[in-house]
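What the coordinates show
Here are the chains, one letter per residue:
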Amino acid sequence: AGIELLNKVIDLASRFKVSRIYTGAAFPFPISYKESPHIYGAVNNKTLLDIVSSFGISPMDGGHISGLNGLLLGFAGKKGIEAMCLLATMPQYAISLPNPKASAAIIDVLQRILKFKIDVKELDDFIKEMDEKMSMIEDRVKDVLTIESQPGHDPHHGEKKVPPYIVEKIEKLFLEAEADKEKAILLKIELDRWDLYSAYEDRFLDLFKSNQ
């Protein structure tokens, strides 16, 4: 299905004589949500490197771009269409959550490259909302990681080591449970599985206060 979609996009671009295609993606990176996203660029034509350097975009020197964003570069190249993928850094621990700050950074670069302007006020509001949630996630991650370094902590005493991605998963389940209380069952199972219910108990019970 993905390849079929790509072919349709490229065929449509060819029909309208599109000379260049831009795509955007997130780039998971070991940073805090407090840091401003940095933009990396991957291109299918070396002539585009001048654009990359002139707009402060760092060229991708290695690695790979997963999904349709990466495939499109190759598909467009075969049709003689220039293509560039802009990747904005985002916190690695929040890869499964929306990151409007990364989206805003990509939009800002595109506005400068293509010389257009759009109103992103709605996105700004979403950024503030997500920053609050990211702050909570980072606090939880720090709490989990500092347990192992505390004096007297015995890693063989039976405690479960909670990976950061589990903390992120729990935060995602909290978001889902706020919208759909039936998801709270899955959240409770995850908390019990990692012996974390006592740490989250007050917050878990707050999910149901609005219904009382």
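Our structure's up above, just so we're on the same page.
Residues numbered from 1 in each chain as written. Predicted model: local features only at pLDDT ≥ 70, side-chain atom pairs only at ≥ 80, totals over all residues. Heavy atoms only, no water.

**A word on the overall build of the chain**
In terms of regular secondary structure, the chain is built from eight helices and four strands. Taking all 212 residues of the chain together, the buried fraction comes to 37%. With an accessible surface of roughly 13000 Å², the chain has 56% of that area assigned to carbon and sulfur atoms. (Helix = DSSP H or I, 4+ residues; strand = E, 2+ residues; numbered from the N terminus. Buried < 20%, exposed > 50% of the residue type's maximum accessible area, 1.4 Å probe, protein only. Areas by Shrake-Rupley, 256 points an atom, 1.4 Å probe, with all protein chains shown as cover.)

**Concerning the packing of aromatic side chains**
Note on aromatic pairs: each is described by the distance of the centres and the angle between the planes. In total, this model carries five aromatic pairs according to the counting rule given. An angle of 80 degrees between the planes, with centres 5.2 Å apart, marks the rings of Phe-27 and Tyr-40 as edge-to-face. With a gap of 13 residues between them, Phe-27 in strand 1 (residues 20–29) and Tyr-40 in strand 2 (residues 39–43) connect regions that are remote in the sequence. An angle of 75 degrees between the planes, with centres 5.6 Å apart, marks the rings of Tyr-197 and Phe-204 as edge-to-face. Phe-204 sits in the buried class, given a relative accessible area of 8%. Chaining the aromatic ring pairs together yields one cluster made of Phe-27, Phe-29 and Tyr-40. Positioned over the ring face of Phe-75 is Lys-78, at 5.9 Å from the centre of the ring. Over the face of the ring belonging to Tyr-197 we find Lys-188, whose NZ or CZ atom lies 4.6 Å from the ring centre. (Phe/Tyr/Trp six-rings, centres within 6.5 Å; stacked < 30°, edge-to-face > 60°. Lys NZ or Arg CZ within 6 Å of the ring centre and 35° of its normal.)

**Examining the environment of Cys-85**
Turning to its location among the elements, Cys-85 is positioned in strand 4 (residues 82–91). Accessibility expressed as a relative area gives 0% for Cys-85, which makes it buried. Once residues within four sequence positions are removed from consideration, Cys-85 is found in contact with Thr-23, Ala-25, Tyr-40, Gly-41, Ala-42, Ile-65, Asn-69 and Leu-73. (Contact = heavy atoms within 4.5 Å.)

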